[in-house]
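# Coordinate analysis (summary)
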Amino acid sequence: MDARAEQIALFLAVRNLPYATDGAHDAKTLMTVGRGDCLAKSAYLIKGFQALGYQARRIRWPYHLPDRPAEGQLLPSRQDVHTAVEVLIDGRWTLVNATHDPPLAAAGLAVAEWDGIADTVQA
C-alpha cells in the first residue's frame, strides 16, 4: 500500500468509528469502547499519522452547538470547542477532521471525505 493510500485508510478507519459524546475521550479507550468524541478520534488519528511517519498536531476552535438533537437547546451554554487534526503533508499543514461517522449525515452533520491531499470539511 502506498503512503497516500495508508493515510486515507487511517482516516476512514477513524472516521467510521461511531461518534459519541458518551463514548471514549482518549485514544486508548476509543479502541476499547469502539466509539468516541472528537477528543478521542483526533488523539487516535494523531497517533496513527505519527506511526506512519508524519508530523501531526491537535487543533481546536470554538463553535456553536447545532439545533439537533433538541436536547442541546436545554444546555446552559451552546458554546463548545471542537478538536481535530492537522498533518504535515508535502510541506503543508492539512486539516483532517474524522469526527462524524457516515450515519450522522442523515442528521444533517458534516461527514468528511478525504483524498489525502486537501483539507477536509470542518465538523
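Shown above is the structure to which this text applies.
Residues numbered from 1 in each chain as written. Predicted model: local features only at pLDDT ≥ 70, side-chain atom pairs only at ≥ 80, totals over all residues. Heavy atoms only, no water.

## Some remarks on the overall build of the protein
The secondary structure content of the protein amounts to 3 helices and 4 strands. Along the protein, helices and strands appear, N-terminal first, in the series α-β-α-α-β-β-β. For the protein, the spread of C-alpha atoms along the three principal axes comes to 45 × 30 × 25 Å. Summarising the internal contacts of the protein: among those between residues at least 6 apart in sequence, 52% fall at separations of at least 24. (Helix = DSSP H or I, 4+ residues; strand = E, 2+ residues; numbered from the N terminus. Contact = heavy atoms within 4.5 Å.)

## What to know about the packing of aromatic side chains
Each aromatic ring pair is characterised by the separation of its centres together with the angle its planes make. Evaluation of the coordinates by the stated rule reveals 2 aromatic pairs. For the pair Phe-49 and Trp-114, a centre-to-centre distance of 6.0 Å together with 85 degrees between the ring planes defines the contact as edge-to-face. One end of the pair, Phe-49, is in helix 3 (residues 38-51); the other, Trp-114, is in the segment after strand 4 (92-96), and 65 residues separate them in sequence. The exposure class of Trp-114 is buried, given its relative accessible area of 7%. Chaining the aromatic ring pairs together yields one cluster made of Phe-11, Phe-49 and Trp-114. (Phe/Tyr/Trp six-rings, centres within 6.5 Å; stacked < 30°, edge-to-face > 60°. Buried < 20%, exposed > 50% of the residue type's maximum accessible area, 1.4 Å probe, protein only.)

These figures come from the coordinates and say nothing about function on their own.
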